[in-house]
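Examining the three-dimensional arrangement
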Amino acid sequence: MAGTTPRLRADARRNRDLIVTAAQRLFLEQGIDVPLDEVARRAGVGIGTLYRRFPDRDALLRAVAEDTLRRLADLVETARREEPDAWHALCRFLRSCAELRLGELAARLDPRLQREMRTGQDLDEIRQRVIAAVLELTARAQADGTLRADAGPLDIAMVMTLHVYAPANVSGDQAVRRMVEIMLDGLRAGGGTALPGAPSTDADLRRYTAVEP
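Described in the following lines is the structure provided in the data block. (Residues numbered from 1 in each chain as written. Predicted model: local features only at pLDDT ≥ 70, side-chain atom pairs only at ≥ 80, totals over all residues. Heavy atoms only, no water.)

Right, let's talk about the environment of Tyr208 for a bit. Relative to the elements of secondary structure, Tyr208 occurs in helix α11 (residues 202-209). Judged by its relative accessible area of 39%, Tyr208 is partly exposed. Sequence-wise, Tyr208 and Leu154 are 54 residues apart; in three dimensions their C-alpha atoms are separated by 7.7 Å. (Helix = DSSP H or I, 4+ residues; strand = E, 2+ residues; numbered from the N terminus. Buried < 20%, exposed > 50% of the residue type's maximum accessible area, 1.4 Å probe, protein only.)

Right under this line is the structure:
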């Protein structure tokens, strides 16, 4: 009996992760109104297990958003640690955002829920880690001469949340990956066309990610 509780906790955690992963994919494929029994079926668990973890749709939406934010922090920190320079770290991170289809997911979430995510103190700390890493990578890549000088951190943030419409006969994942590569090529130093307007600043990014009072 001594090992029963840890095993139950591990099983519960595994079921939770399966449900959240399934929900994220189905929200992208069918929208946030997808039946919850379809989420349970995709996760390979019973509907009762789903409701024990997530009593309503809002709780499941919040879990998907929280997990996505935590994953972003892990992705950017891993890229900083493992890539040889800031430019490669930035490219790796932006490609990861595209694979998550971050822009499409954010567009589907209820704006009220997004506000709740931003005002939670523990989650705000994670958001600030992501923002700080983006600012650092942008500054370092420009100092290295690999990121064009007239691009700014707000441009990077908008590429992070790229949302591409793909026709029914075109793979959405492939379309987003192609657009990211086109944008990365445009962000590389030596681009032939000057960008309109002034480059964004660190303060612009912080205002963009701030919560309205």
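The structure having been displayed, the exposition proceeds.
The buried count for helix α9 (residues 153-160) comes to six of eight residues, which makes it a mostly enclosed element. Of the positions making up α9, those classed as buried are Pro153, Leu154, Ile156, Ala157, Val159 and Met160.

As a further point, take the pattern of salt bridges. Scanning the model with the defined rule gives 15 salt bridges in all. For Asp67, the salt bridge goes to Arg16, with nearest N and O atoms at 3.0 Å. One end of the pair, Asp67, is in helix α4 (residues 57-82); the other, Arg16, is in helix α1 (residues 4-30), and 51 residues separate them in sequence. Salt bridges sharing common partners tie together Arg13, Arg16, Asp17 and Asp67. (Salt bridge = Lys/Arg side-chain N within 4 Å of Asp/Glu carboxyl O.)

The next subject is α4. The first and last C-alpha atoms of α4 sit 37 Å apart over 26 residues, in line with the 38 Å expected at 1.5 Å per residue. The N-cap of α4, judged by a side-chain oxygen 3.3 Å from the amide nitrogen of Asp58 a few residues on, is Asp56. (Expected span 1.5 Å × (residues − 1). Polar contact = N/O pair within 3.5 Å; in protein donor to acceptor, adjacent residues only side chain to side chain.)

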